[in-house]
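# Observations on the three-dimensional arrangement
Now for the letters of each chain:
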Amino acid sequence: MQVFVDMERCQSHGSCTYVAPAVFELGEDDVLRYEPDPDPSLRERVEEAVLVCPAQAIRLLGA
Ligand code: SF4
């Protein structure tokens with residue numbers, strides 16, 4: 001599973017960090033950091049993050 005965030009779209013809302021804190025975090029500079037190759041067990045969390053992101057900036061690639 002590959003996670004990609006379009007940083008041009010991301011507006012640092014932080015919604016993804018609430019539903020999948022093991023994958024997404026906002027730094028003190030308010031810039032999003034994320035794990036691009038998270039453990040498959042986190043898939044449902046990442047799928048939820050895709051849904052809740054108000055900027056539709058998160059893509060989930062691969063099986
Ligand atoms: S929810 Fe979307 S816009 Fe907000 S920090 Fe996460 S990727 Fe960025």
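Structure report, in brief. (Residues numbered from 1 in each chain as written. Predicted model: local features only at pLDDT ≥ 70, side-chain atom pairs only at ≥ 80, totals over all residues. Heavy atoms only, no water.)

### Overview of the overall build of the chain
Check the secondary structure of the chain and you find two helices and four strands. Helices and strands in the chain line up, N terminus first, as β-α-β-β-α-β. Whereas a compact globule of 63 residues would reach a radius of gyration of roughly 11 Å, the chain reaches 10 Å, a difference of no more than 12%. Dimensions of the chain, computed from C-alpha atoms along their principal axes, come out at roughly 30 × 20 × 15 Å. When each of the 63 residues of the chain is scored for burial, the buried share is 30%. (Helix = DSSP H or I, 4+ residues; strand = E, 2+ residues; numbered from the N terminus. Rg over C-alpha atoms; globule rule 2.2 N^0.38 Å. Buried < 20%, exposed > 50% of the residue type's maximum accessible area, 1.4 Å probe, protein only.)

### Quick word on the site of the ligand
Near the ligand, the surroundings consist of 13 residues, among which C10, H13, G14, C16 and C53 are the closest. Taken together, the residues of the shell around the ligand break down into eight nonpolar, five polar and no charged. (Near = heavy atom within 4 Å. Nonpolar A, V, L, I, M, F, W, Y, C, P; charged D, E, K, R; others polar.)

### Things to note about the pattern of salt bridges
One pass over the structure, following the stated rule, counts two salt bridges. Note that R33 is salt-bridged to D29, the shortest N-O span being 3.0 Å. Overall, the relative accessible area of 38% leaves R33 in the partly exposed class. You can call D29 partly exposed: its relative accessible area is 47%. Here R43 makes a salt bridge to E47, at a shortest N to O gap of 3.3 Å. One end of the pair, R43, and the other, E47, are both in helix α2 (residues 43-52), four residues apart, so they sit about a helical turn from each other. Accessibility expressed as a relative area gives 27% for R43, which makes it partly exposed. (Salt bridge = Lys/Arg side-chain N within 4 Å of Asp/Glu carboxyl O.)

### What to know about unusual backbone geometry
Of note in the backbone geometry, S12 takes a positive phi value of approximately 55 degrees without being a glycine. When you line up the elements, S12 lands in the loop between β1 (2-5) and α1 (15-19). Accessibility expressed as a relative area gives 24% for S12, which makes it partly exposed.

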